[in-house]
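Spelled out, the chains give:
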Amino acid sequence: MRAGRTFVLAVPWAWLLLFLAAPLAIVTLIAVAEPADGVPPYRLTWTLDNLRLVATDPLYRNALGLSLKVAAVSTLACLLAGYPMALAIARAPARWRETLLLAVMLPFWTGFLMRINAWIGLLRDDGWINTLLAWLGIGRLPLLYTDAAMYVGIVYTYLPFLVLPLYARLSRLDPELEHAAADLGAPPWRVFLRIILPLSLPGVWAGCALVFIPAVGEYVIPELLGGPQAQLVGRVLWGEFFQNRDWPTAASVAVLLLVVLLAVPALLVRALRR
Amino acid sequence: MSRALAGWLVACYAFLYAPIGFLIVFSFNDGRMVTVWSGASMRWYVALAHDQALIDATLLSLRIAAVSATLAALVGTLAGYALARFGRFRGRGALEAALAAPLVLPEVITGLSMLLLFVVLEQLVGWPAGRGATTVTLAHASVSVAYVTMVVRARLAGSFTTLEEAAMDLYAPPWQAFAFITLPLMVPALAAGWLLSFTLSMDDVVVASFTSGPGASTLPMVVFSATRLGVTPEIYALATVIVTVVAAGLCALSLVRRHAA
Amino acid sequence: MTLQITGLAVRYGPVTALDRLDLTVATGELFVLLGGSGSGKTTLLRAIAGFVRPAEGRILLDGTDLAPLPPHRRPVNTMFQSYALFPHMTVAGNIGFGMRRRGASRAAIAARVAEMLTLVRLEGYAQRRPYQLSGGQQQRVALARSLAPNPRLLLLDEPLSALDRGLRSDTRGELVRLQRSLGTSFILVTHDQEEALTMADRLGVMQDGRLAQIGTPAEVYERPATRFVAEFLGAANILPGTVQADGSVDLPQLGVQVRTGRPATPGRILLALRPERLVVGDAGTPNRLSGVLAEQAYAGGTLTSTVRLADGTLIRTSQALRDGFGSVRLAIGGPVTLGWQPEACILLPPE
């Protein structure tokens, strides 16, 4: 019994040490290494130059600021679209709910890149949306390779991540609570603000985290839908690594991103406690 | 449900499905343009069937996805079981946090850190030699463990303890209680976790791009570089094939479930 | 089969769940453990089954100590409160599970399963799955499953609590008949006093990890050992008093002497009176108290009256309505007399 327990625990621990702790430690190690010509392109030393550069140079700082802004705006957009959606599914007749929920998840299985490809086709200058706009007399607009296209792509991709945990939370609320509140004279908007919204907050936070965090580090969507000006931190890291072959700088960007991602929830918690 | 909510729901589903409908329609377009309709044709499906690079990439991706999902299922089951069953133990909090970490790490960080791990490992112990299918598989498995753990743990939470006790009460030693009761009841969760891991692996560009090497391009990597050069209806044809396979799989699954119930 | 438990203690950290408990259960006996939540009754059952490791004490079954054995090595089966039927197995698979683990032959298992299905009147249900059965049917499958390996002792954890009220009282009688015909010893846990009184050969009232009293239902009801037992099993009006040299009880607050009809040693005691043993109105009984009628509640077959005594104490009575409601209806606030026979007095130790 004892031995079995040790084995059951040892395997995940060993796995996590090798594939989580070790890689993150190595990233930190490379972040303080020196770039060098060779394979691999670094020399292990102890220098804070890379980290200092990444923390102070406007290129990286702006990338980080832009990423946080894009992620925040996208999360808010997902929340505004997804909350009523999750609520509607939770309120739908029981026999429909499973199908509706499946329909939220289904796009996952069509391939992320395929859906981005579809958006490229829709948003191009000669694409369907522009054809529609021209027909309406508004005229063709440059849509692809703009911030708008990038936001559409991020919201489109991550909307299900927000809806699912939020639905899970909302569906567990006792409908009698609302009846009780309404019975005690609360108008519907007040029932929503005072009863449903506060009780669904854990689901809101979970959903927002699942959108915000990957969105901050997003590479593919800004690369394919956004313009060259959309230099998000994921794109900068990618560029340092693949184009400039500057591993220590790429690792430093990763460290900076990680620190910011750890700090954001901590700051949020402190701000909320006040 | 109020009318406004229902209307919003319809709009959201339209938003989610319109692009998919669009690419299915245009996969049958005869022209080279993905925006101008020039007659129905299967030519892009024919082109797809002759695109050896794409077929090789698909086979490679399927292999990587299957192996990494299986690996993740093995490790994730143990971790999920420990978290659901062992109550309080030393390092529980750390294990929980570490298992959740891949869920909240941006892909670029996961990709970069895994690559650096493989580079250092090769220097230190000579394995894995070079980068390719093996390294991508390991990287994908390392992310997927978190998902399998989550699903298995949710399934195991609380509900089976009495059933295991009942089995032991009826003369089953602990390992038999696990084999005859816990394991069969975990199958749906395991299948869900495996499928989720498989999907994540099939869908990933970023981690694969970091951890792969020459000659080992996964399907998403090939599609990604093709997309950068310009969208072709061939990719839409591929997407339609994927949609068809997934839809067929879901139909088969629901038939099996209806039959079993 | 004799079960002999001596000095059994179970502790969860600083919490004592069982406090050096002693209990003997005889062959063929239906023993009921009665107690409130947290009294330790389920812990005792789980300790006998092997799911709880005792800190000290012995659990002797026909002379063999079970305490060091894991659950699967104990010749004892449990019927779980939630039934714990294996959802992925058929009814036959569930019932045969215990025998399969013991390596019985296929033929033996099939025969025993058929026998058990007949016993619980579920012939023809062998290939059903648990979720296709009603609550009552699931309960019977759970019983059949725990009886199939022919245990020397069957432990039943609130076996009737998940059933509807009507079904519960039918099942109660059925369970007792089954136990009699099989001759298997049962230990049944319940918090339902009616269940305990009607089913038990003997019962034990649990309080804070100890058995406050063990005896036949009549012994425990008629002669409760403590105030807790008197109030837990049935209702009781409690009045403090003093036993005099002549054996009568003096109730100082009320200035009344009460005849008890049994010898008692002088000293301070608590006098307990069951509501149904008190008569409202002057019926010529030797013991009498007067007060004011505070409340009456009609409950169909019985009438509950609450009487306020001179010192403010409230006394509850309960009378069977043999001749209809009108005969005993009194004006609220009016003076009433309460009477009872000396034999109705229960003397309890002071607290």
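Residues numbered from 1 in each chain as written. Chains lettered and ligands numbered in written order. Predicted model: local features only at pLDDT ≥ 70, side-chain atom pairs only at ≥ 80, totals over all residues. Heavy atoms only, no water.

Visitor: Please clarify how the overall build of chain B should be interpreted in this entry.
Guide: Looking only at helices and strands, one finds 11 helices and zero strands in chain B. In chain B, the succession of α and β elements from N to C terminus is α-α-α-α-α-α-α-α-α-α-α. With respect to the three principal axes, the spread of C-alpha positions in chain B is 70 × 60 × 35 Å. Buried residues in chain B amount to 52% of all 261 residues. Where the 14 positive side-chain charges of chain B centre and where its 12 negative ones centre are 7 Å apart. (Helix = DSSP H or I, 4+ residues; strand = E, 2+ residues; numbered from the N terminus. Buried < 20%, exposed > 50% of the residue type's maximum accessible area, 1.4 Å probe, protein only. Lys, Arg positive; Asp, Glu negative; His and termini not counted. Charge placed at Lys NZ, Arg CZ, Asp CG, Glu CD.)

Visitor: What's the story with helix H3 (residues 58-91) of chain A in this structure? I'm lost.
Guide: Residue pairs three or four apart in sequence face the same way in an α-helix, which turns once every 3.6 residues. In a regular helix each residue adds 1.5 Å, so 34 residues correspond to 50 Å; H3(A) covers 48 Å between its end C-alpha atoms and thus fits that length. Measuring from the backbone nitrogen of Leu59(A) back to the side-chain oxygen at the start of H3(A) gives 2.8 Å, which picks out Asp57(A) as the cap. (Expected span 1.5 Å × (residues − 1). Polar contact = N/O pair within 3.5 Å; in protein donor to acceptor, adjacent residues only side chain to side chain.)

Visitor: Which parts of the structure should I look at to understand the interface of chain C and chain B?
Guide: You'll often see interface size given as the accessible area lost when the parts meet. Each side of the interface is counted separately: chain C has 25 residues, and chain B has 18 residues. Broken down residue by residue, the surface that chain C buries against chain B is led by His72(C), His88(C) and Arg101(C), which jointly contribute 32%. On the surface where chain C and chain B come into contact, there are one salt bridge. For Glu165(B), the salt bridge goes to Arg46(C), with nearest N and O atoms at 2.7 Å. At the junction of chain C and chain B, the tally comes to seven residue pairs in polar contact (both at pLDDT 80 or more). (Contact = heavy atoms within 4.5 Å. Buried area = accessible area lost by both parts, 1.4 Å probe. Salt bridge = Lys/Arg side-chain N within 4 Å of Asp/Glu carboxyl O.)

Visitor: What should I look at first to understand the sheet that holds strand E7 (residues 153-157) of chain C in this one?
Guide: Backbone hydrogen bonds hold the strands of a sheet together, and the pairing may be parallel or antiparallel. Residues and elements named next belong to chain C. Overall, mixed pairing links the six strands, which are arranged E6-E7-E8-E3-E9-E10 in an open sheet. Unpaired on one side and paired on the other, strand E6 (76-79) and strand E10 (210-215) mark the two borders of the sheet. Strand-to-strand, the axes of this sheet are offset by a mean angle of 20 degrees, without reference to chain direction. For E6 and E7, the ladder comprises four bridges, and the chain directions are parallel. Across the sheet, methionine 79 pairs through a bridge with leucine 156, a residue of E7. In this fold helix H5 (residues 165-182) packs onto strand E3 (30-35), E7 and strand E8 (185-190), with an angle of close to 155 degrees to the strand it touches most, E8. (Pairing = 2+ DSSP bridges. Axes fitted to C-alpha atoms, helices over the stretch in contact; angles between N-to-C directions.)

Visitor: Sorry, what's going on with the confidence of the model for chain B here?
Guide: Low pLDDT marks stretches whose predicted atomic positions should not be read closely. On average, chain B scores 89 in pLDDT, and the residues at 70 or more come to 97%. Prediction confidence for the complex, expressed as pTM and ipTM, is 0.81 and 0.90 respectively. (pLDDT = per-residue confidence, 0-100.)

Visitor: Would you explain the sheet that holds strand E1 (residues 3-12) of chain C in this entry?
Guide: Residue and element names in this part refer to chain C. On the basis of which strands lie adjacent, the open sheet formed by four strands has the order E2-E1-E4-E5 and antiparallel pairing. Two strands bound the open sheet, and with one partner strand each, they are strand E2 (15-25) and strand E5 (64-65). In this sheet, E5 lies alongside strand E4 (residues 56-61) in antiparallel orientation, the contact comprising two bridges. Each bridged residue has a counterpart across the sheet, and for leucine 60 the counterpart in E5 is aspartate 65. Each of E1, E2 and E4 touches helix H1 (residues 41-49); the most contacted strand, E1, lies at about 115 degrees to it.

Visitor: Please explain the nonpolar core as it appears in this structure.
Guide: One broad trend across soluble globular proteins is that nonpolar side chains are buried collectively. Grouped together as the largest cluster of nonpolar side chains are 191 residues, with contacts concentrated most on Leu3(C), Leu44(C) and Ile187(C). Looking at this core, the element that brings in the most residues is H3(A), giving 15 residues. Grouped together as the second largest cluster of nonpolar side chains are 42 residues, Met79(C), Leu85(C), Val113(C) and Val176(C) included. (Core = buried A, V, L, I, M, F, W, Y, C linked by side-chain atoms within 4.5 Å.)

Visitor: What is the right way to read the interface of chain B and chain A from this model?
Guide: Counting from both sides, the interface comprises 75 residues of chain B and, opposite them, 77 residues of chain A. Contact between chain B and chain A buries roughly 7,000 Å² in total, counting both sides, with carbon and sulfur atoms accounting for 81%. Contact with chain A buries area across many residues of chain B, yet Phe15(B), Leu16(B) and Phe86(B) alone supply 8% of it, more than any other trio. Here chain B is connected to chain A by one salt bridge. For the pair chain B and chain A, the number of links is nine residue pairs in polar contact (both at pLDDT 80 or more). Residues that form the side of chain B that touches chain A fall into these classes: 63 nonpolar, eight polar and four charged. (Nonpolar A, V, L, I, M, F, W, Y, C, P; charged D, E, K, R; others polar.)

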